[in-house]
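Letter by letter, the chains look like this.
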Amino acid sequence: MLRVCAGVTFARLHIVPAIPAFLAQHPDLRLDVVLDDRKVDLLEEGIDVALRMGRVRDSGAMTARKIAESARLVLGTPTYFATAGVPATPADLRARESVIYDQRVGGTDWTFKRGSAETEVTVSGRLSITAAEGVRAAVLAHAGFAIASEWMFAPELKSGAVRAVLTEWALPPIGLWAVFPAGRLVSAKARAFVMFVEETLRAAATPGQKRTGRRTGTRS
């Protein structure tokens, strides 16, 4: 048995569809997948490895390795931007409705960079949602724009259901980390799963995403 944990939307879009291939490679393995946008306690929940995004903070309870990275984008539907107008600068976002992802990988304060120029923007909106699935649904319902990882809207970016704006400006990228309970040897099955995730993301990567493979002693 291998017990893994990941955010609902990321796993649904990028990991779960690939799991049959992983299980085919490991016929003696059973996989228990916990999907939760919360920061699950790995020891309490019996998790062997978690996939987490954003900053990994030092708490002494977990060890982590950064395995991939994705660009953050300003995203909305063509219908929304046709109504609200396409922003010409990051400052223009202040006058538009944002769907706020109320998690540690989201928020309202953002730093945009273009060459040597840098500008800070605080976005606002009447709708704040704690789950990525809700943010996706609201954006697709033309409720406003969102600042989110390319991973979160990968199918819609490909189909044209959403579009990215202000693409000449860069936002801080978001990292994906494989997180393991501290004080325990990482099992071969957990290492195999992380390697499979890395290979899956690398095969599907766009220019805004990359596999880092960077090891770190950081704990979370």
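Cut-offs used in this document
Numbering of residues begins from 1 in every chain and follows the order in which that chain's sequence is written. For a predicted model such as this one, the threshold for reporting local features is a pLDDT of at least 70, and the threshold for listing and counting side-chain atom pairs is 80 or more; totals across whole chains, interfaces and linings nevertheless cover every residue. The side-chain figures draw on all heavy atoms in the structure; neither hydrogens nor water molecules are used. For Phe, Tyr and Trp, where Trp contributes only its six-membered ring, two rings pair if their centres lie within 6.5 Å, and the inter-plane angle classes them as stacked under 30 degrees, edge-to-face over 60, or tilted in between. Helix numbering and strand numbering both begin at the N terminus, where a helix is a DSSP run of H or I of at least 4 residues and a strand a DSSP run of E of at least 2. Each residue is placed in one exposure class: buried if its accessible area under a 1.4 Å probe, protein chains only, is under 20% of its type's maximum, exposed if it is over 50%, and partly exposed if it falls in between. To qualify as a nonpolar core, a set must consist of buried Ala, Val, Leu, Ile, Met, Phe, Trp, Tyr and Cys residues joined through side-chain atoms within 4.5 Å. We call two residues in contact when some of their heavy atoms are within 4.5 Å. If DSSP finds at least two bridges between two strands, the strands pair. Axis definition: a line fitted to C-alpha atoms, limited for helices to the stretch in contact. Angles are taken between N-to-C directions and run from 0 to 180 degrees.

This brings us to the packing of aromatic side chains. By the definition in use, this model includes four aromatic pairs. Each ring, one from phenylalanine 22 and one from phenylalanine 196, has its centre 5.2 Å from the other, and the planes form 50°; the classification is tilted. On the criterion of sequence distance, the pair formed by phenylalanine 22 in helix α2 (residues 19–25) and phenylalanine 196 in helix α7 (residues 188–204) is long-range, its members being 174 residues apart. Each member of the pair phenylalanine 22 and phenylalanine 196 is classed as buried. By way of ring pairs, the aromatic residues Phe22, Phe193 and Phe196 are connected into one cluster.

As a further point, take the nonpolar core. A general feature of soluble globular proteins is that nonpolar side chains tend to end up buried together. Formed by 41 residues in total, the largest nonpolar core has its most connected members in Leu51, Leu176 and Phe193. In terms of residues, this core owes the most to one element, α7, which gives six residues. In this view, phenylalanine 193 contacts Leu2, Val4, Ile15, Phe22, Leu31, Val49 and Leu51; residues no more than four positions away in its chain are not counted. Formed by 14 residues, the second largest nonpolar core is a distinct cluster that contains Tyr80, Phe81, Phe112 and Phe145.

Once that is clear, we can look at the sheet that holds strand β5 (residues 72–76). Strands sit in the order β10-β5-β11 across an open sheet of three strands; the sheet is antiparallel. This sheet does not close on itself; its edge strands, each paired only once, are β10 (146–149) and β11 (163–165). The mean inter-strand angle of the sheet, taken between neighbouring strand axes irrespective of direction, is 55°. With four bridges joining them, β5 and β10 adopt antiparallel strand pairing. Each bridged residue has a counterpart across the sheet, and for valine 74 the counterpart in β10 is isoleucine 147.

Read these as layout, nothing more, since geometry by itself doesn't imply function.
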